[in-house]
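# Notes for the structure review
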Amino acid sequence: MPKKLVILGAQWGDEGKGKIVDLLSENFDVSVRYQGGSNAGHTVVINGVKYVMHLLPTGILHPHNIGVIAQGMVVDLKALKEEIEDIEAKGNKILHKLYISDRAHVVMPYHKLLDKLFEKKNGVGTTLRGIGPSYMFKFMRKGIRVADLFDQKVFEKKVEENIEFVKNIAEKVFGEKFEIDTRYIEEEVVKPFEFLKDRIIDTAKFLRENSKSVIFEGAQGTLLDIDMGTYPFVTSSNSSALGLANGTGLSPKYFKDACIYGVAKAYLTRVGGGPFPTEIHGEEAEKLREKGGEYGATTGRPRRVGWLDLVALKHAVEVNALDGIILTKLDVLDGYPEIKVCVAYEYEGKIYKDFPASLEVLENCKPVYETLPGWSGSTKGLTDISKLPANARKYLEFIENYIGVPIVMLSTGPQRHEYVFLREII
Ligand code: IMP
């Protein structure tokens, strides 16, 4: 195993990163979340107990692993407190080995309200967890950072200014009455802060001075990256490898010997609005959604589903300089007589092999498919690569040839032991 490993989403999120990070983080001393917030939902099943991690890095579930919530995250302190309590109630003590950045921004109750208001106009289909407005406040230089909570006067002044601003937007732009009881802030922010207070440090310094092995856990996915994704139908952080340096507070030099793997599903899903060239509909979609259990871990929303899009996957390979792909949910395609794979887009008579920046092209292009034969055997729970059906192997080879990097590992079911390495992870 490398000393620095990055695992991130190579599609629109929900690729199954939770299980992969859980599995690989066993070999690491520290695990780090560095962007996003409680919009994420990484599901892990350990000894039959299900955990859905929203803010915490999944690796912290291992008794020896130290968890870090780094500065690039926006943290809903109440949600974090509840997440910790929920895990501890299952018998896994974690609070004493968690560090939270004093530079991370706090998701305030009024950010969630704004998320709802903006959503009415924008239709991005956000998770309504206040993520976009928190980042908006950060970049307006009006955000509240975790460090501000140590000084009551500073905190109260900032809250007061923020509330005035939100009131103006709510009433003048959206015509909605806005009132917030400050006792609510006490319950949602101040009390949870008191609970978490001892765990707050300069996490960038901690990581810099710490020569241990570290796993970095990306949330969402490359196609939801604020710069490299399907803007404006994206999240509000750099959810590709581009977010590593600013999200952790570590120089890009720190990551020069890091190994970066992208997690991708054998097909494709997305939640919320935005272009999805290979989306399928009707009965065909229903079948894939049911077979894959494609319902959101955070919101429970049914996910949109479609065929694997290699134009988009290659984009993720290039943006992140991926060392390889970890492919999940291949078993969902078991029994399909034929499998389609998108190898290009066609728009107004032009063929696109590079993922376009233009929303117009992405929304109106037609996918160009190759049709590959399916396989009749089962890949569910497969742990012996020699048992992989020949056509499943051909499917993997087709993907590798197109994207130019190897598939290093296959996840073949939700349980910890359901995986197989195709190559050594180095
Ligand atoms: P936000 O991150 O809540 O602002 O939502 C922006 C977009 O990102 C919406 O389309 C969400 O559905 C999507 N999104 C955010 N987090 C996740 C995730 O963890 N998995 C999949 N989609 C996500």
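For the structure itself, look to the data block above.
The following paragraphs examine the structure supplied in this document. On a predicted model such as this, the values are computed, not experimentally measured, just so you know.

The subject of this paragraph is the site of the ligand. Neighbouring residues of the ligand: 15 residues in total, closest Asn-39, Thr-127, Thr-235, Val-271 and Arg-301. In the model, an oxygen atom of the ligand is placed 3.4 Å from a nitrogen or oxygen of the Val-124 main chain. Contact between the ligand and Gln-220: a nitrogen atom at 3.3 Å from a side-chain N or O atom of the residue. Protein chains shield 97% of the accessible area of the ligand, which is 470 Å² for the free molecule.

Next up on the list: a negative patch on the surface. On the surface, Glu-156, Glu-160, Glu-164 and Glu-186 cluster together into a negatively charged patch. A per-element tally of the negative patch places helix α5 (residues 152-173) first, with three residues. Mapped onto the fold, Glu-160 is located in helix α5.

A word on unusual backbone geometry. A cis geometry characterises the amide bond from Tyr-231 onward to Pro-232, with omega recorded as 5°. Here Pro-232 is to be found in the loop between β10 (214-217) and α8 (243-248). Not every positive phi belongs to a glycine, and Arg-141 is a case in point at roughly 60°. With respect to the secondary-structure elements, Arg-141 resides in the loop between α4 (131-139) and α5. By relative accessible area, Arg-141 is classed as exposed at 73%. For Glu-348, which is not glycine, the phi dihedral falls at a positive 45°. Position of Glu-348 relative to the elements: it lies in the loop between β16 (338-347) and β17 (350-352). With a relative accessible area of 72%, Glu-348 lands in the exposed category.

Once that is clear, we can look at the side chain of Thr-278. Tracing the sequence through the fold places Thr-278 in the loop between β12 (268-270) and α9 (282-292). Here Trp-307 takes part through its backbone oxygen, which lies 2.7 Å from a polar atom of the side chain of Thr-278.

Criteria and thresholds
- Residues numbered from 1 in each chain as written.
- Predicted model: local features only at pLDDT ≥ 70, side-chain atom pairs only at ≥ 80, totals over all residues.
- Heavy atoms only, no water.
- Near = heavy atom within 4 Å.
- Polar contact = N/O pair within 3.5 Å; in protein donor to acceptor, adjacent residues only side chain to side chain.
- Areas by Shrake-Rupley, 256 points an atom, 1.4 Å probe, with all protein chains shown as cover.
- Patch = residues over 30% accessible without salt bridge, like charges linked within 9 Å, V, L, I, M, F, W, Y side chains within 5 Å.
- Salt bridge = Lys/Arg side-chain N within 4 Å of Asp/Glu carboxyl O.
- Lys, Arg positive; Asp, Glu negative; His and termini not counted.
- Charge placed at Lys NZ, Arg CZ, Asp CG, Glu CD.
- Helix = DSSP H or I, 4+ residues; strand = E, 2+ residues; numbered from the N terminus.
- Buried < 20%, exposed > 50% of the residue type's maximum accessible area, 1.4 Å probe, protein only.

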